[in-house]
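Spelled out, the chains give:
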Amino acid sequence: MGAGILSLLVGLFAGPWGALAAVALAAVAVAALAWRSAARWRARRGALAAPFPEPWRVVLRQWCDHYNRLPDDLRARFEDDLRIFLAEKPITGVGVEVIDELRLLVAASAVTLSLGWPAYDWEQLNEVLLYPDDFDRDYEFGVDDLSGQAHPWGTVILSVPALCQSFRDPDDAYHVGFHEFAHLLDLEQTHFDGIPLGFDDTAARRWVEVREREIPRMLRGESVLDDYGAHDPVEFLAVAVEAFFEAALALRRNHGELYELLATYFQQDPAAWDDARGLTLEPIRARPPRPKGRMARRRPRSRLSS
Ligand SMILES: [Zn+2]
């Protein structure tokens, strides 16, 4: 059957009429792409037409440490990227009312990562689902197992209490939103491999070398990075991204090469922005002890069990 269709297609495009048909098909494809990008451009222009809502700004100032540390020009870009994200990405509550504040926290999680990449559109993300609590592998709520998941087909699930806690404590290197969206940056076709998408061979080699050096430190408890990331290259990337944005000064001081790789990758320098706002680091900064309690530092897992 497949061979029959193939030979039919080959027959169709053979000879001068076939060449004409191929040109016509290509023209239709180009026109469809142009129409799609024009529609997207119009939608984006619409999303940015009005001034940024002041109540949203109040929410960001109150909740989003990264927004507060940004230089003015980048803060304006953050606001634009946030509105574009919200215009293009569906955020659906499952037993949760998706109020504006929650939508802002979801978008702020993603935009924090992509801020340094103009016109980045999170194409690999189809939808975000918000759950009322943590969940287990059968998607039952109220079980201390998963606080988030990123699926290779483009669905990100976030537990609302874990998301709020992540923003409430901005410097503990735990952030379920950063973590799950970081997994999507690792997305190469339909699998995760622990190498940031877009790294060339040289950068990828360097990433692996740095990772191999960092993992023993994590296992010895001598790292700013959570040891949750020590056993899986995919989780290492997500945990490193969390630390980059939530413990920037400590990461730069104690894991300079990793910080530099991530700063180049994200085209952002959060430690320099923390310097500029007068933050300092204790001379010796160990990871804070894991607080007790249900919401405390449980790590999101990000792949479906097979
Ligand atoms: Zn993960």
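Below is a short write-up of the structure. In this text, all values refer to a predicted model and were calculated from it rather than measured experimentally.

Notes on the overall build of the protein chain
The number of helices and strands found in the protein chain is 13 helices and six strands. Within the span of the protein chain, comprising 306 residues, buried residues form 47% of the whole. Across the protein chain, contacts joining residues at least 24 apart in sequence account for 67% of those joining residues at least 6 apart.

Topic: the packing of aromatic side chains
The description of an aromatic ring pair rests on the distance of the ring centres and on the angle between the ring planes. For the coordinates displayed, the defined rule picks out 21 aromatic pairs. Look at Tyr-131 and Tyr-139: their rings are 6.5 Å apart centre to centre, the planes differ by 85°, and that puts the pair in the edge-to-face class. Given a relative accessible area of 8%, Tyr-131 falls into the buried group. Owing to a relative accessible area of 29%, Tyr-139 belongs among the partly exposed residues under this scheme.

Structural notes on helix H5 (residues 72-88)
Taking 1.5 Å per residue, 17 residues should reach 24 Å; H5 reaches 25 Å between its end C-alpha atoms and fits that length. Among the residues of H5, Leu-74, Phe-78, Glu-79, Asp-81, Leu-82, Arg-83, Ile-84, Phe-85 and Leu-86 are the ones counted as buried.

Description of unusual backbone geometry
Residue Trp-122 is not a glycine yet carries a positive backbone phi of 50°. At Tyr-139, a position not held by glycine, the phi torsion is positive, near 60°.

Structural notes on the sheet that holds strand E4 (residues 155-159)
With respect to topology, four strands assemble into an open sheet ordered E1-E2-E4-E3, the strand pairing being mixed. Looking along the sheet, the strands with just one partner apiece sit at the ends: strand E1 (91-93) and strand E3 (148-150). Sheet twist, expressed as the mean angle between neighbouring strand axes with direction ignored, is 20°. The sheet contact formed by E1 and strand E2 (residues 127-131) spans three bridges and is parallel. Paired with Ile-91 across the bridge in E2 is Val-128. Packed onto the sheet, helix H6 (residues 100-114) meets E1, E2 and E4 and runs at close to 125° relative to E2.

Points about the pairing of E4
Summarising burial for E4: five of the five residues are buried, a large majority. Covered by surrounding structure in E4 are Thr-155, Ile-157 and Ser-159 together with Val-156 and Leu-158, the residues of both alternating faces. Judged from the five bridges that link them, E2 and E4 form a sheet pairing that is parallel. For Glu-127, the partnering residue across the bridge sits in E4 and is Thr-155. Both E3 and E4 contribute to a ladder of three bridges, which runs antiparallel. In the strand pairing of E4, Gly-148 is matched with Leu-158.

Thresholds, definitions, all that
- Residues numbered from 1 in each chain as written.
- Predicted model: local features only at pLDDT ≥ 70, side-chain atom pairs only at ≥ 80, totals over all residues.
- Heavy atoms only, no water.
- Helix = DSSP H or I, 4+ residues; strand = E, 2+ residues; numbered from the N terminus.
- Buried < 20%, exposed > 50% of the residue type's maximum accessible area, 1.4 Å probe, protein only.
- Contact = heavy atoms within 4.5 Å.
- Phe/Tyr/Trp six-rings, centres within 6.5 Å; stacked < 30°, edge-to-face > 60°.
- Expected span 1.5 Å × (residues − 1).
- Pairing = 2+ DSSP bridges.
- Axes fitted to C-alpha atoms, helices over the stretch in contact; angles between N-to-C directions.

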